[in-house]
Amino acid sequence: MTGRREFIKAGAALSLVSGLREAAAMPPPILPPPIAADRLDQGPFGIEQDEGWYTVATTTPSAAPIRNFGTGLVGYTWEENGPALAVRRGEARLEDAIEALARLPFVDALYIRCDWRDVQGRPGRLDLHPVWAATRDAARRHGLRFGFRVQLSNPEIQPAKLALPDFLKPKVPLVTIRSRSGRGPERVEPRYDHPEFQRAFRELNELLAAELDADPLVEFADLMMYGFWGEGHTSDYPSPIPDPAVAERTFLDMTERQLAAWRRVPLVVNSQPDISRTGNRAVLERAVRGSAWLRSDSVILDEPEQIEELAHRPPWLAVVMEDGYHRHYRTDGERYRVDAAGVDVIEHTMLHALDVGASYWSLWTEAANLAAYRERRPAAFEELERRIGYRVRPSWVWQRKRSGANELVVAVFNDGAASVPGSLRITAQTPDGKPLAGGGLDPGHPFAGRVRLASLRLPGGPAATEVQLRAELEVKGTKRPVRWACAQPLDEAGALVVRLKNWNDTDWRKGI
């Protein structure tokens, strides 16, 4: 790929989370978390509340990979240059390359990054490239999910083609832009603010949402943004919209349209600084306030501004991380730079994703190379599998006698590098599936490396029995099952079985 991160990036500092916008401006209010309607009591739990207590269960962390919504390692079935290298050379079938990627045991989700022309060839309907059907089929068969980005601009395919579908090109003014440094070739960008572009974009967004928003296989969708690769910039090339105020209004309107259309699937906004003066700061702030997750397309060669935004984001939002350098994980004689500690350049990028609390790490397209590299240098892969995203477990479970009934106080610990990307819901139920008590934790809790307590007050009398503790993740009103990340045995659905203590036992603790 030509120059994806060689482009010079510059811009004034902004920290979205800390609220700094301009030196003289007041910081915006802190983004409030969306509180669950059935919020669980999360303490404090004073000793005077109960008539006796006992620690009835504890768990320890699992080192095994745990596949849950909102976290994982992502294999690319299509990137901005196309499918896997062998498919591009005509040496392999697209379906076979996707199958090879999907069956890797460490791949948790698939991802498509394609152009507008790859999803729509005529007005009024979608014409999805075969990669979409093949990706959905592989995800379904292997118990995976998939995310995607539809690019409105792609410099990789110019000058032969534009990302725009052919039917739209005669209707929208196209602007030739030139690198300010003089180092790059001429590029062509559409006038995003033109009425015909906006009409077509509105239709594209509505068609995509109608097709994919209700699909349970869809993990996330990248916000369709301005410029090269849809990242929100045109590098050191000027914007095709001469008035920055018009550009900002245009892309804020496009953001609002997407936030309104995608009611179930999480949207992901790129944290690219506003080097092209097209309103990226305003788009980023608005998207995050609409509960969009964050993404960055590099981790080592990102400027301080992006690292600050990613690492100090609102904790209930996920981060999707990738790095395009060395994306092919070549093992056919290529030697990667290794530092004095024996850590190579790929391992540096993978492990730095954990430093910003990433929820996802991108593996790109090359299944055979990935498998060979992981076998040769497994340490970074194993660390990602142990720590990427959130990894929650009921670390302590206390049973308390309270008001003539049983109360369970569950301390949920998060062994992952990221906080919970939504609201974690906990349910206690009988072995035959009857719900006894449940509700949601505050969004983001437990934070990475932290513990959060919650009360489940069980109905009925004090009879001893077993209960199953189950977890779900709620994002944008949709609930998905979560498997506890503990070393102790779970049932087939990922629940922890807890045996309650008999009220007649003589070793209940009180006043000790």
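Our subject is the structure listed above.
A.B. asks: Would you mind going over the sheet that holds strand S1 (residues 53-58) with me for this structure?
C.D. replies: Working definition: the strands of a sheet are paired by backbone hydrogen bonds and lie parallel or antiparallel to each other. Strand order in the open sheet made by the four strands is S1-S12-S13-S16, with antiparallel pairing throughout. The outermost strands of the open sheet, each flanked by one partner alone, are S1 and strand S16 (451-457). Adjacent strand axes in the sheet meet at a mean angle of 20°, parallel and antiparallel pairs treated alike. As judged from the five bridges shared by S1 and strand S12 (residues 392-402), these two strands associate in the antiparallel manner. Note on S12: the bridge partner recorded for Tyr-54 is Gln-399.

A.B. asks: Sorry if this is basic, but what is going on with a nonpolar patch on the surface here?
C.D. replies: There is a patch of nonpolar side chains on the surface, built from Ile-300, Leu-301 and Tyr-325 and spanning about 250 Å² of accessible area. Tracing the backbone shows Ile-300 in the loop between strand S9 (293-296) and helix H7 (304-311).

A.B. asks: Would you mind showing me how to read unusual backbone geometry here?
C.D. replies: Most peptide bonds are trans, and most residues other than glycine sit at a negative phi. Residue Pro-44 is bonded to the preceding Gly-43 through a cis peptide linkage, with omega at 5°. Within the secondary structure, Pro-44 is located in the segment before S1. In this model, Gln-158 is joined to Pro-159 through a cis peptide bond whose omega is 5°. With respect to the element layout, Pro-159 can be found in the loop between strand S4 (145-151) and strand S5 (174-177). Positive phi, normally seen in glycine, also occurs at His-326, with a value near 55°. Relative to the elements of secondary structure, His-326 occurs in the loop between strand S10 (319-321) and helix H8 (345-355). When its relative accessible area of 35% is taken as the criterion, His-326 is described as partly exposed. Its identity is not glycine, yet Trp-364 carries a phi of approximately 65°, on the positive side. Its place among the elements puts Trp-364 in strand S11 (residues 360-364). What makes Trp-364 buried here is its relative accessible area of 1%.

A.B. asks: I keep staring at the pattern of salt bridges and nothing clicks. Help me out?
C.D. replies: Pairing between side chains of opposite charge can happen when the charged atoms of each approach one another. One pass over the structure, following the stated rule, counts 47 salt bridges. Among the ionic pairs, Glu-79 bridges to Arg-327, the shortest N-O distance being 3.0 Å. Taken together, the positions of Glu-79 in the loop between strand S2 (72-78) and helix H1 (85-88) and Arg-327 in the loop between S10 and H8 put the pair 248 residues apart, joining distant regions of the chain. Across the pair, exposure class does not vary: Glu-79 and Arg-327 are buried alike. Counted as one network, the salt bridges with shared partners bring together Glu-79, Glu-80, Arg-88, Arg-113, Arg-149, Asp-222, Arg-295, Asp-297, Glu-322 and Arg-327.

The rules behind each value
- In this numbering scheme, every chain counts its residues from 1 along its sequence in written order.
- Restriction of local features to residues with pLDDT of at least 70 applies here, the model being predicted, together with a cutoff of 80 or more for giving and counting side-chain atom pairs; totals for whole chains, interfaces and linings are based on all residues.
- The side-chain values count all of the structure's non-hydrogen atoms but skip hydrogen atoms and water molecules.
- One bridge is not enough; two strands pair if DSSP finds at least two bridges between them.
- Secondary structure follows DSSP: runs of H or I at least 4 residues long count as helices, runs of E at least 2 residues long count as strands, and numbering of each begins at the N terminus.
- Axis geometry follows a simple rule: fit a line to the C-alpha atoms, using only the stretch in contact for helices, then measure angles between N-to-C directions, giving values from 0 to 180 degrees.
- Think of a patch as exposed residues, more than 30% relative accessible area, with no salt bridge, where like charges cluster within 9 Å and nonpolar side chains (Val, Leu, Ile, Met, Phe, Trp, Tyr) cluster within 5 Å.
- Working definition of accessibility: Shrake-Rupley area with a 1.4 Å probe, residue cover restricted to the visible protein chains.
- A pair is scored as a salt bridge if a Lys or Arg side-chain nitrogen falls within 4 Å of a carboxyl oxygen belonging to Asp or Glu.
- The buried label applies to any residue whose accessible area, calculated with a 1.4 Å probe on protein chains only, is under 20% of its type's maximum; exposed applies above 50%, and partly exposed to all values in between.

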